[in-house]
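Secondary and tertiary structure notes
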Amino acid sequence: MPSLLGHAAAGLALNAAFAGHQAPRRSWALAAACALAPDLDWFTAFLHLPYGHVLTHRGATHSLAAAALIASAAMLLGLRSHLRSRRLWLCLFAAAFSHGLLDACTLGGVGVAAFLPFSGERYVCVWQPIRVSPIPLTGRLWVRFLGALWTEAVWIGLPAILLVTAARAARWVRPVPDHA
Ligand SMILES: [Zn+2]
């Protein structure tokens with residue numbers, strides 16, 4: 001998986017691009033939390049479930065359905081006064097599902113069960129430019145971590161900057177009124 005920094009950056013970028021200027025400040029924290037939440041499945045490692053089980057890493061919590069649940073929970077917990085905002089919900093949903101997409105673009109590890117509960121098939125992207133971030137960070141693993149961080153800077157950081165810049169620019173560009 002990308003590091004927590006990479007996932008959080010994706011969530012923050014989606015919030016910056018799509019939440020809108022009327023979104024409350026806590027939407028930033030919620031977007032980052034939604035982007036990180038799917039990895040709560042690491043705790044199932046203690047259950048010694050068989051390989052490929054829906055509750056193992058990159059299983060149920062990384063699906064589209066889980067992204068919808070995570071976004072809904074975040075709205076209920078942190079944005080109760082904005083429950084009718086489809087825009088904010090979609091933003092949090094995108095942040096949550098960005099996690100699975102980035103995991104699928106990471107070289108190594110199991111595929112992402114994006115379509116649970118309808119299909120248990122695990123998917124990876126045909127192109128996986130992001131390196132796996134090692135855990136725990138001990139000894140020489142720091143070198144690998146920094147290498148992985150570099151791939152995240154290129155393949156998550158740069159697209160995030162472009163996305164936010166394009167979204168902000170689109171808000172400033174208005175069609176010229178036709179007075180003819
Ligand atoms: Zn993950």
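Presented here is a report on the structure given in the accompanying data block. All values reported here derive from a predicted model rather than from experimental measurement. (Residues numbered from 1 in each chain as written. Predicted model: local features only at pLDDT ≥ 70, side-chain atom pairs only at ≥ 80, totals over all residues.)

1. Overview of the overall build of the chain
- Within the chain, the secondary structure is distributed over 5 helices and 2 strands.
- Taken from N to C terminus, the helices and strands of the chain fall in the order α-α-α-α-β-β-α.
- Each principal axis of the C-alpha atoms in the chain carries an extent, and together these give about 70 × 35 × 30 Å.
- For the chain, with 180 residues in total, the buried portion stands at 36%.
- The contacts of the chain with a sequence gap of at least 6 include a subset with a gap of at least 24, amounting to 65%. (Helix = DSSP H or I, 4+ residues; strand = E, 2+ residues; numbered from the N terminus. Buried ≥ 20, exposed ≤ 12 C-beta atoms within 10 Å, placed from the backbone. Contact = placed C-beta atoms within 7 Å.)

2. Details of the environment of G59
- Note that G59 resides in the loop between α2 (26–36) and α3 (64–78).
- Judged by local crowding, G59 falls into the buried class, with 23 C-beta atoms found within 10 Å.
- Residues G59 and I161, spaced 102 residues apart in sequence, show a C-alpha to C-alpha distance of 29 Å.

3. Focus on the environment of G157
- Secondary-structure assignment places G157 in helix α5 (residues 141–172).
- Take G157: there are 18 C-beta atoms within 10 Å of it, and that puts it in the partly exposed class.
- Between the C-alpha atom of G157 and that of G6, which follows or precedes it by 151 residues, the distance is 7.6 Å.
- Beyond its immediate sequence surroundings of up to four residues, G157 is in contact with A9 and E152.

4. A word on helix α1 (residues 4–18)
- The end-to-end C-alpha separation of α1 is 21 Å, in line with the 21 Å expected for 15 residues at 1.5 Å each.
- The buried count for α1 comes to 11 of 15 residues, which makes it a mostly enclosed element.
- Of all the residues in α1, the buried ones are G6, H7, A8, A9, A10, G11, A13, L14, N15, A16 and A17.
- Where α1 is buried, its residues contact α2, α4 (86–104) and α5.
- Among the residues trailing α1, G20 stands out with phi positive, at a value near 90°. (Expected span 1.5 Å × (residues − 1).)

5. Quick look at α3
- Between its first and last C-alpha, α3 extends 21 Å over 15 residues, near the 21 Å set by a 1.5 Å rise per residue.
- Buried within α3 are the following residues: A66, A67, I70, A71, A74 and M75.
- Structurally, α3 contributes buried residues whose contacts are with α2 and α4.

6. Details of the nonpolar core
- With 35 residues, the main nonpolar core has A31, C34, A71, L92, A95 and A96 as its most contacted residues.
- Broken down by secondary-structure element, the contributors of at least two residues to this core are α1, α2, α3, α4 and α5.
- It is α4 that provides the largest number of residues to this core, a total of 9 residues.
- Residues within four places of A31 in sequence aside, it is in contact with G11, L12, L14, N15, C91, L92 and A95. (Core = buried A, V, L, I, M, F, W, Y, C linked by C-beta atoms within 7 Å.)

7. Some remarks on the packing of α1 against α5
- At a closest axis distance of 8 Å, the pairing of α1 and α5 adopts a crossing angle of 10°. Of the possible angle classes, the one that applies to α1 and α5 is roughly parallel. Across the interface between the two elements, L5, G6, A9, A10, A13, A16, A17 and F18 from α1 touch E152, I156, G157, A160, L163, V164 and A167 from α5.
- In terms of residue class, the contact of α1 with α5 is made up of 12 nonpolar, 2 polar and 1 charged. (Axes fitted to C-alpha atoms, helices over the stretch in contact; angles between N-to-C directions. Parallel < 35°, antiparallel > 145°, perpendicular 65-115°, else oblique. Nonpolar A, V, L, I, M, F, W, Y, C, P; charged D, E, K, R; others polar.)

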